[in-house]
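One letter stands for each residue in the lines below.
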Amino acid sequence: MRAFGPADLHAHSSVSDGTQPPAEVVASAARAGLAAVAITDHDSTTGWAEAGVAAREHGIVLIPGMELSTRRDWASVHLLGYLFDPEDIALHAETERIRLDRLNRAERMVARIGDDYELEWDDVLAQTVPGATIGRPHIADALVARGHVRDRGEAFESILHWRAGYFQPHYAPDPLEGVLLIRAAGGVPVLAHPGVSRERVLPEREMRELVEAGLFGLEVGHRDNSEDGKRILLRYAEKFGLAITGSSDYHGAGKPNLLGENTTPADVVERIVAEATGSAPVVP
Ligand code: AMP
Ligand code: FE
Ligand code: FE
Ligand code: ZN
């Protein structure tokens, strides 16, 4: 059998807020020496087909995935889902609802920012591939193009930060609902960067609830997780029998994160593939 690791199970393309088309993300992953890569665009599976063709071409395993936006008590919680059925009606309806409200929310944010800075909705569209899941990174790129900030990082530290007063939330389901939806679609759910700070780690009671609903693993290897956060996550993994993954959260030129900076070993990927019933990996 072909090796499923080392794998990078978290990467974004221009189908959401990455800067490269899906085929280029896959080509870059192969060049980085990875055995497998997951394309996990925010709330979208639109990149799967193109990524699959590229995976065969470049001789790398593709794990089709998605990063589902969820929220609890105003804190955004990202849930990676792997190998679910992309045509599952309930999950698809939910991602359409999120994507539509992301668009609406971005328009509202741009209208507010436009009161104080030269910025129009067309500036954001100019930074977005048609059909992409819109997010603050596209507004950031428009602010860069207008010369208001140097890069995405500066935009997030200033105008796009919630403290600046332009921030608007978008619709997102509860993480428990997210885990249930991904499992019902035959997929395997993993909490993305769940240890950014000690305070942001879900309390044990809430973690147990997600595990009972079918949570498979925790993305412990992620540059945004704090050392304190990772310690708590490793304790949860042990206690609840959760798998541990590591990934880059690559966004092309949109973030400093590099493909392969954190990886997941082959045996964990094999367990994901074995548990999934919604779709199959692309194995060249
Ligand atoms: P949104 O979901 O629209 O609120 O935007 C959040 C997205 O912005 C996340 O998916 C991150 O990938 C991206 N992001 C957050 N902080 C930064 C940053 N400092 N630099 C670049 N991208 C960021
Ligand atoms: Fe992102
Ligand atoms: Fe995320
Ligand atoms: Zn991500």
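Residues numbered from 1 in each chain as written. Chains lettered and ligands numbered in written order. Predicted model: local features only at pLDDT ≥ 70, side-chain atom pairs only at ≥ 80, totals over all residues. Heavy atoms only, no water.

Draft legend 1. Seen up close, the overall build of the chain. A tally of regular secondary structure across the chain gives 10 helices and 7 strands. In summary, the chain has a C-alpha radius of gyration of 18 Å against a globular reference of 19 Å for 284 residues, a match within 12%. Projected onto the principal axes, the alpha-carbon positions of the chain cover approximately 55 × 45 × 35 Å. Looking at the 284 residues of the chain, the share that counts as buried comes to 55%. If the 28 positive side-chain charges of the chain are averaged to one point and the 43 negative ones to another, these points end up 5 Å apart. (Helix = DSSP H or I, 4+ residues; strand = E, 2+ residues; numbered from the N terminus. Rg over C-alpha atoms; globule rule 2.2 N^0.38 Å. Buried < 20%, exposed > 50% of the residue type's maximum accessible area, 1.4 Å probe, protein only. Lys, Arg positive; Asp, Glu negative; His and termini not counted. Charge placed at Lys NZ, Arg CZ, Asp CG, Glu CD.)

Draft legend 2. The arrangement of the coordination of the iron ion (ligand 2) in detail. Every protein donor of the iron ion (ligand 2) is listed here as Asp17 (OD), His42 (NE2) and His251 (NE2), and their distances to the metal cover 2.2 Å. Along the chain, the residues donating to the iron ion (ligand 2) are arranged with the sequence spacing D-x24-H-x208-H. Between the iron ion (ligand 2) and the iron ion (ligand 3), the interatomic distance is 5.5 Å. One end of the pair, His42, is in the loop between β2 (36-39) and α2 (48-58); the other, His251, is in the loop between β7 (243-246) and α10 (266-275), with 209 residues separating them in the sequence. We classify His251 as buried; its relative accessible area is 3%. (Donors = N, O, S within 2.8 Å, 3.2 Å for Na, K, Ca; no water.)

Draft legend 3. Broad picture of the site of ligand 1. With respect to spatial proximity, 13 residues lie near ligand 1, and among them His42, Arg102, Arg105, Arg136 and His251 are the closest. Interatomic distance of 2.9 Å between a side-chain N/O atom of His251 and an oxygen atom of ligand 1. Contact distances for ligand 1 include 3.2 Å between an oxygen atom and a side-chain N or O atom of Lys255. Out of a free accessible area of 500 Å², ligand 1 has 80% covered by protein chains. When residues of the shell around ligand 1 are traced back to their parent elements, those giving at least two are α3 (89-116), α5 (136-145) and α6 (152-157). When residues of the shell around ligand 1 are assigned to their parent elements, the largest contribution, 3 residues, is made by α6. (Near = heavy atom within 4 Å. Polar contact = N/O pair within 3.5 Å; in protein donor to acceptor, adjacent residues only side chain to side chain. Areas by Shrake-Rupley, 256 points an atom, 1.4 Å probe, with all protein chains shown as cover.)

Draft legend 4. Structural view of unusual backbone geometry. Looking along the chain, the bond that leaves Gly5 and enters Pro6 is cis, with omega of 5 degrees. Among the secondary structure elements, Pro6 is positioned in the segment before β1 (7-8). The phi angle at Asp43 is positive, at roughly 55 degrees, despite the residue not being glycine. The topology assignment puts Asp43 in the loop between β2 and α2. Positive phi is not limited to glycine here, since Asp73 has a value of about 50 degrees.

Draft legend 5. Inspection of the coordination of the iron ion (ligand 3) at higher detail. For the iron ion (ligand 3), the full set of protein donor atoms is Glu67 (OE), His78 (ND1) and His193 (NE2), at a range of 2.0 to 2.2 Å. Counting along the primary sequence, the residues that act as donors to the iron ion (ligand 3) give the motif E-x10-H-x114-H.

Draft legend 6. Local environment of the packing of helix α7 (residues 175-184) against helix α8 (residues 204-213). Close contact between α7 and α8 brings their axes to 9 Å; oriented N to C, the two are set at 15 degrees. For the element pair α7 / α8, the angle class is roughly parallel. Relative to α8, α7 is oriented so that their crossing is right-handed. Facing α7, whose interface residues are Pro175, Leu176, Val179, Leu180 and Arg183, α8 presents Glu209, Leu210 and Ala213. (Axes fitted to C-alpha atoms, helices over the stretch in contact; angles between N-to-C directions. Parallel < 35°, antiparallel > 145°, perpendicular 65-115°, else oblique. Left-handed = near helix turned anticlockwise from the far one by under 90°. Contact = heavy atoms within 4.5 Å.)

Draft legend 7. The packing of aromatic side chains, seen in detail. Evaluated as defined, the whole model comprises 3 aromatic pairs. Taking 6.1 Å as the distance between ring centres and 45 degrees as the angle between the ring planes, the aromatic pair formed by Tyr236 and Phe240 counts as tilted. Here Tyr236 pairs with Phe240, and both are found in helix α9 (residues 227-240), just 4 residues apart, close to one helical turn. Across the pair, exposure class does not vary: Tyr236 and Phe240 are buried alike. The aromatic ring of Tyr171 is capped on one face by Arg97, whose charged end is 3.7 Å from the ring centroid. In this structure, Arg163 packs its charged tip against the face of Trp162, placed 5.9 Å from the ring centre. (Phe/Tyr/Trp six-rings, centres within 6.5 Å; stacked < 30°, edge-to-face > 60°. Lys NZ or Arg CZ within 6 Å of the ring centre and 35° of its normal.)

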